[in-house]
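Inside the fold
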Amino acid sequence: MSDIPEGFRYTDSHEWVKDLGNSEYMMGLTAYAQEQMGEIVMVEFPGMLDFNSGEILGSLEAVKTAEDFYAPFDCKVVRINEGLEDEPALINENPYDKGWLVVVKTDDPSGFNSLKSAEEYTEFIGE
Amino acid sequence: MDKKTALHDKHVNLGARMESFAGHIMPIKYTTVKEEHNAVRNGVGIFDLSHMGEFRVKGKDASRFLDYILTNDSDVEPGKAYYSTMCYPDGGIVDDLIVYRLSEDEYLIIVNASNIEKDWAWVNNHTAGYSIDLTNESDETALVAIQGPDAEKVAQKLTDENLKKMDYYTHTSGVFAGKKALIARTGYTGEDGFEIYIVSEDAEAVWDAVMEAGAKFDIKPVGLGARDTLRLEVGYLLYGNDMDHTTTPIEAKLGWVVKLKTDKDFIGREVMARQKQEKPARYIVGLEVLGKGFPRHGAELFEGDRKVGVVTSGSLAPALGHGVCLAFVEKGFHKTGTELEAEVRGKRIPVKTVKLPFYKDGSRK
């Protein structure tokens, strides 16, 4: 059974989102999703731009497969995890901490609040 | 039902990720593909390749038989090995394989695991008129490979054969780790290395001995994941990905294993001779990815709106830090330096044709 920490919010496309305060939110890939993908070997970020909800924020290349990850709500990317450039497997090793993907900013918290809770996400993935 | 190799329990105990591959349950990786890849490039790694197939061809017509069913020339000295394709009459490739000449009238052929049954049927269908004995020893034979710049130092601890005197693509029958073995200086990694063929009963003892002898060199077990990135980085083709029954050796730039310069007849000769003269309509090329990401098998290649090819293998090259691919492209787009675009999930990624191998610093002799 995958680790799904309380206190985070979750998307249907298997990102976790954490409220950092100051209208900033950290995002990453859930433990469940990285297990499904296998060893991630490359991460691609379009950059510090504005994104509409559902737009592609970046791509993850694993040994056998590739997946995009998406803006969970309208937001602007303000930080990207540059450590993943050299060590993309951090996403596999530590998906909720060192393997974070981006920090985004939004003034409207309603998008965040409507994401799934840990309990809802657990049910969603059927574990 | 997938077959287990004689080393199955070793892999499980090492915590390997096991997956089904070519009818066998095989270790994909033990730690990470990157770490295992780097161990072989910079030190030494050990592989279980017991899924590969072994056919023995023995008899007074062995050489003549192999000359007919294989594209390369069987006329090598005993103790030497050669790489070859085996083709259909239309030039399509049945399989690619390694042949060890054991003596004047005896050869051992190593075929891809995914093709064992097909190849066995094919060779048996062509024995009429040849005085030979064929045996399929695939299930009874284990193969442990030791690959990397430190491979000789590790292997030498386990045999009295003078490995320093063995050239690349030679082999010898001897004792290895106390067991009767065929010791071959061959591999699929671009590095120096050995492939040790033993009976399955001896596999665990040989594996343990190699791990122990390699401890000082920080030897790492290496799975099929890194085997794939290692071979791609040096531009080695993989049957089923980069070539199959729809491609000929000439298109796959394997003309060097087709004995058109001799007057020997072999299956597919006519088609290949014509293709060599007229030049094929497409070629396999190496592509360096100029952007981020990497196209994979099946990704289409474009120049502007025109589709000019398809990617056959693609991966991040761990030793180079960027994506690399093998691809079939139309004649005219195959020249080194041609810039194309690969379509990946709706996006275009710039790529450029480059000379193979991608990775040029291998320790292979």
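Residues numbered from 1 in each chain as written. Chains lettered and ligands numbered in written order. Predicted model: local features only at pLDDT ≥ 70, side-chain atom pairs only at ≥ 80, totals over all residues.

1. Quick notes on the overall build of chain A
A tally of regular secondary structure across chain A gives five helices and nine strands. Tracing chain A from N to C terminus, the helices and strands come up as β-β-β-α-β-β-β-β-β-α-α-β-α-α. Relative to the 2.2 N^0.38 estimate, which gives 14 Å for 127 residues, the radius of gyration of chain A is 13 Å and therefore close to what a compact globule would have. Taking all 127 residues of chain A together, 39% fall into the buried category. Residue pairs at least 24 apart in sequence account for 59% of intrachain contacts in chain A once pairs closer than 6 positions are excluded. (Helix = DSSP H or I, 4+ residues; strand = E, 2+ residues; numbered from the N terminus. Rg over C-alpha atoms; globule rule 2.2 N^0.38 Å. Buried ≥ 20, exposed ≤ 12 C-beta atoms within 10 Å, placed from the backbone. Contact = placed C-beta atoms within 7 Å.)

2. Focus: the overall build of chain B
When helices and strands are counted, chain B shows eight helices and 20 strands. Taking 2.2 N^0.38 as the reference for a compact globule, 365 residues should give roughly 21 Å; the C-alpha atoms of chain B span a radius of gyration of 20 Å, in line with that estimate. Reported as C-alpha extents along the three principal axes, the dimensions of chain B are approximately 60 × 50 × 40 Å. Burial statistics for chain B: of 365 residues in total, 49% are counted as buried. A fraction of 67% describes how many contacts in chain B between residues 6 or more apart in sequence connect residues 24 or more apart.

3. Thoughts on the domain arrangement of chain B
Residue and element names in this part refer to chain B. If you check the domain split of chain B, you get domain 1 (1-280) and domain 2 (281-365). On a C-alpha basis, the centres of domain 1 and domain 2 stand 26 Å from each other. Tallying the contact residues gives 25 residues for domain 1 and 24 residues for domain 2. Counting residues per element, the ones that place at least two in the side of domain 1 that touches domain 2 are α2 (33-42) and α7 (224-233). (Domains from an automatic or database assignment.)

4. Observations concerning the pairing of strand β9 (residues 102-105) of chain A
Put simply, side chains in a regular strand alternate between the two faces of the sheet. Residues and elements named next belong to chain A. Of the two faces of β9, the one lined by Val102 and Val104 is fully buried and the one lined by Val103 and Lys105 carries no buried residue. Of the strand pairs in this sheet, strand β3 (residues 24-29) and β9 are connected by four bridges, and their pairing is antiparallel. Considered in β9, the bridge of Tyr25 is made with Val104. Here strand β8 (residues 75-80) runs beside β9; their pairing, made up of four bridges, is antiparallel. (Pairing = 2+ DSSP bridges.)

5. Concerning the sheet that holds strand β3 (residues 24-29) of chain B
Residue and element names in this part refer to chain B. If you walk across this open sheet you meet the three strands as β1-β3-β2, and the pairing is mixed. Of all strands in the sheet, those with a lone pairing partner are β1 (3-4) and β2 (17-21), marking the two edges. Judged from the two bridges that link them, β1 and β3 form a sheet pairing that is parallel. By the bridge assignment, Lys4 is partnered in β3 with Ile25. On top of the sheet, α7 reaches β2 and β3; it is set at about 70° to β3, its chief contact. (Axes fitted to C-alpha atoms, helices over the stretch in contact; angles between N-to-C directions.)

6. Quick word on the interface of chain B and chain A
Taken residue by residue, the interface counts nine residues in chain B and nine residues in chain A. Across the side of chain B that touches chain A, the residue classes break down as three nonpolar, three polar and three charged. (Nonpolar A, V, L, I, M, F, W, Y, C, P; charged D, E, K, R; others polar.)

7. Structural notes on the pairing of β8 of chain A
Where strand β5 (residues 50-51) of chain A lies against β8 of chain A, two bridges are found, and the strand directions are antiparallel. Each residue of the ladder has a partner; that of Phe51 of chain A, found in β8 of chain A, is Cys75 of chain A.

8. With respect to α2 of chain B
Most of α2 of chain B is tucked away: seven of the ten residues are buried. Within the span of α2 of chain B, buried status applies to Val33, Lys34, Glu36, His37, Ala39, Val40 and Arg41 of chain B. Check the buried side of α2 of chain B and you find it contacts β4 (40-44) of chain A together with β3, β4 (45-48), β10 (141-147), β14 (220-221) and α7 of chain B.

9. A closer look at the nonpolar core
Residue and element names in this part refer to chain B. Val144, Val206 and Val210 are the most contacted members of the largest nonpolar core, which has 133 residues in total. Residue contributions to this core reach at least three from each of two domains, namely domain 1 (1-280) and domain 2 (281-365). If sequence neighbours within four positions are ignored, Val206 has contacts with Val144, Phe176, Ala177, Lys179, Ile196 and Ile198. (Core = buried A, V, L, I, M, F, W, Y, C linked by C-beta atoms within 7 Å.)

10. Here we look at the sheet that holds strand β6 (residues 56-62) of chain A
Two orientations exist for strands paired in a sheet by backbone hydrogen bonds: parallel and antiparallel. All names here are of chain A. Pairing within the open sheet is antiparallel, and its three strands lie in the order β4-β6-β7. A single partner strand is all that each edge strand has here, and the edge strands are β4 and β7 (66-70). With direction set aside, neighbouring strand axes in the sheet form an average angle of 25°. The pairing of β4 with β6 spans four bridges and is classified as antiparallel. Note on β6: the bridge partner recorded for Ile40 is Ala62.

11. Focus on helix α3 (residues 62-69) of chain B
All names here are of chain B. For α3, the set of buried residues is Ala62, Ser63, Phe65, Leu66 and Ile69. Along the axis of α3, the buried positions cluster into a sector of 160°, meaning they face one direction only. In this structure, the buried residues of α3 make contact with β5 (53-58), β6 (81-87), β7 (93-103), β8 (106-111) and α4 (116-124). (Arc of directions from axis to C-beta.)

12. Section: the environment of His51 of chain B
Residue and element names in this part refer to chain B. The topology assignment puts His51 in the loop between β4 and β5. The buried category is assigned to His51, around which 23 C-beta atoms lie within 10 Å. Put simply, His51 and Val324 are 273 residues apart on the chain and 27 Å apart in space, counted from C-alpha to C-alpha. Contact partners of His51, with chain neighbours within four places excluded, come to Thr5, Phe21, Ala22, His24, Met26 and Ala113.

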